[in-house]
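Per-entry structural report
The lines below spell out each chain.
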Amino acid sequence: MKDNNKIAVVIPTYKAKRHIFNVLGKIGPEVDKIYVVDDFCPENTGDYVKELCTDDRVVVIKKSSNQGVGAAVMTGYQAGIQDGMAILVKIDSDDQMDPSLILNFVAPLVEGEADYTKGNRFFDLSKIGSMPTARLFGNAILSLMCKLSSGYWNIFDPTNGYTAIHASVASRLPFEKISHRYFFETDMLFRLNTLRAVVVDVPMDAKYGDEVSNLKISKIIGEFAIKHIRNFFKRIFYNYYLRDMSLASIELPLGLILLGFGAIYGGVHWVHSVQDGQPTPAGTVMLAALPVLAGIQLLLGFIGHDVSSVPTRSIHRYIRKDT
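How each quantity is defined
- Residues numbered from 1 in each chain as written.
- Predicted model: local features only at pLDDT ≥ 70, side-chain atom pairs only at ≥ 80, totals over all residues.
- Heavy atoms only, no water.
- Helix = DSSP H or I, 4+ residues; strand = E, 2+ residues; numbered from the N terminus.
- Buried < 20%, exposed > 50% of the residue type's maximum accessible area, 1.4 Å probe, protein only.
- Contact = heavy atoms within 4.5 Å.
- Areas by Shrake-Rupley, 256 points an atom, 1.4 Å probe, with all protein chains shown as cover.
- Lys, Arg positive; Asp, Glu negative; His and termini not counted.
- Charge placed at Lys NZ, Arg CZ, Asp CG, Glu CD.
- Polar contact = N/O pair within 3.5 Å; in protein donor to acceptor, adjacent residues only side chain to side chain.
- Axes fitted to C-alpha atoms, helices over the stretch in contact; angles between N-to-C directions.
- Parallel < 35°, antiparallel > 145°, perpendicular 65-115°, else oblique.
- Left-handed = near helix turned anticlockwise from the far one by under 90°.
- Salt bridge = Lys/Arg side-chain N within 4 Å of Asp/Glu carboxyl O.

1. Quick look at the overall build of the chain
Along the chain, the regular secondary structure elements total 10 helices and seven strands. Referenced to the eigenvectors of the C-alpha coordinate spread, the extents of the chain come out at roughly 85 × 45 × 40 Å. Per-residue burial over the chain gives 47% buried out of 323 residues. In the chain, of all internal contacts separated by at least 6 residues, the share reaching a separation of at least 24 is 80%. Of the roughly 15,900 Å² that the chain leaves accessible, carbon and sulfur atoms contribute 61%. Across the chain, the mean location of the 34 positive side-chain charges is 3 Å away from that of the 33 negative side-chain charges.

2. So, the environment of D205
One can find D205 in the loop between strand 7 (199–203) and helix 8 (217–242). On the basis of relative accessible area, D205 is assigned to the partly exposed category, the value being 42%. Separated by 77 residues in sequence, D205 and I128 place their C-alpha atoms 7.2 Å apart.

3. Things to note about the side chain of N239
Its place among the elements puts N239 in helix 8. According to the relative accessible area criterion, N239 is buried, its value standing at 13%. At a separation of 2.9 Å, a polar atom in the side chain of N239 contacts the side chain of N193. In terms of polar contacts, N239 uses its side chain to reach the side chain of R243, at 3.1 Å. Once residues within four sequence positions are removed from consideration, N239 is found in contact with N193, R196 and D244.

4. Describing the packing of helix 9 (residues 247–276) against helix 10 (residues 282–308)
Packing of helix 9 against helix 10 leaves a shortest axis separation of 7 Å and a crossing angle of 150°. With respect to each other, helix 9 and helix 10 are oriented roughly antiparallel. Helix 10 is crossed by helix 9, and the crossing has left-handed handedness.

5. Considerations on the side chain of T284
With respect to the helices and strands, T284 occurs in helix 10. Setting aside its immediate chain neighbours within four residues, T284 contacts Y265 and H269.

6. Describing the pattern of salt bridges
Taken as a whole and judged by the stated rule, the model has 10 salt bridges. Here K118 makes a salt bridge to D201, at a shortest N to O gap of 2.9 Å. Taken as a pair, K118 in strand 5 (residues 116–120) and D201 in strand 7 lie far apart in primary sequence, 83 residues in all. Residues joined in a network through salt bridges with shared partners are K90, D92 and E185.

Structural measurements only, silent on function.
Encoded structure:
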């Protein structure tokens, strides 16, 4: 890699002491720096790496408290930006992600095709059988929710933690506002959309070993739903009313008003007709149906516009990272 394309790898670690050296040993010479961020790990993984690692590319950063994977990754990002790295790759410490794919994630950034790349385990359908059924189903639901909240209709597998970002784009992220824990990857996509950054999926295989996930779906599903709804409304406001206005800015509220009016008006008269035992007049039915149909048509028009407005022009070529 050229000097202006220096690659750093960020590895947040928590309870993965037995896997960390397997990961470090697979990182090739294309990488210039490796930041192992110990998120106040009870196994003291950071000290373990400091004591035994002989790779001079490795820098250990220890957090004074457990703040979550998102906070650990952002700490690594900030270190890479300060050290003049151009591309920041994030992989996990549990040996689920193949470091030999790093250049696959970096290539779209170097070639100016993307500002952020992320893994997608669903490209090769013949190889996703190793993914647990619960994760498979949950990922499909989360992907749909993420498309709505982030605006990136072109991507899938949003919780995939194998990512790469151009440092100039990372330097524009509001680190203090991004979710610190398991919503981190999804929140990153929302923040990237507010910058109009280009995001591209990179094919990778699903891999599961003997590691134990700290993520409990039953505990975070409600939190995720609330945060998706929050990000959806914020994105709509930012993109369609604050930053710009278009026909879609009219289609959305008008469609909701017509759909709501038709549904309420029709529902009220339907209840009255049932109570009175009399059929609803044709005119009343039409007066309820037409706003509903018009509202649905307007909302579909808005969705079509939203899908077509996915960012396609990478921004890192036009900004300079803060140093």
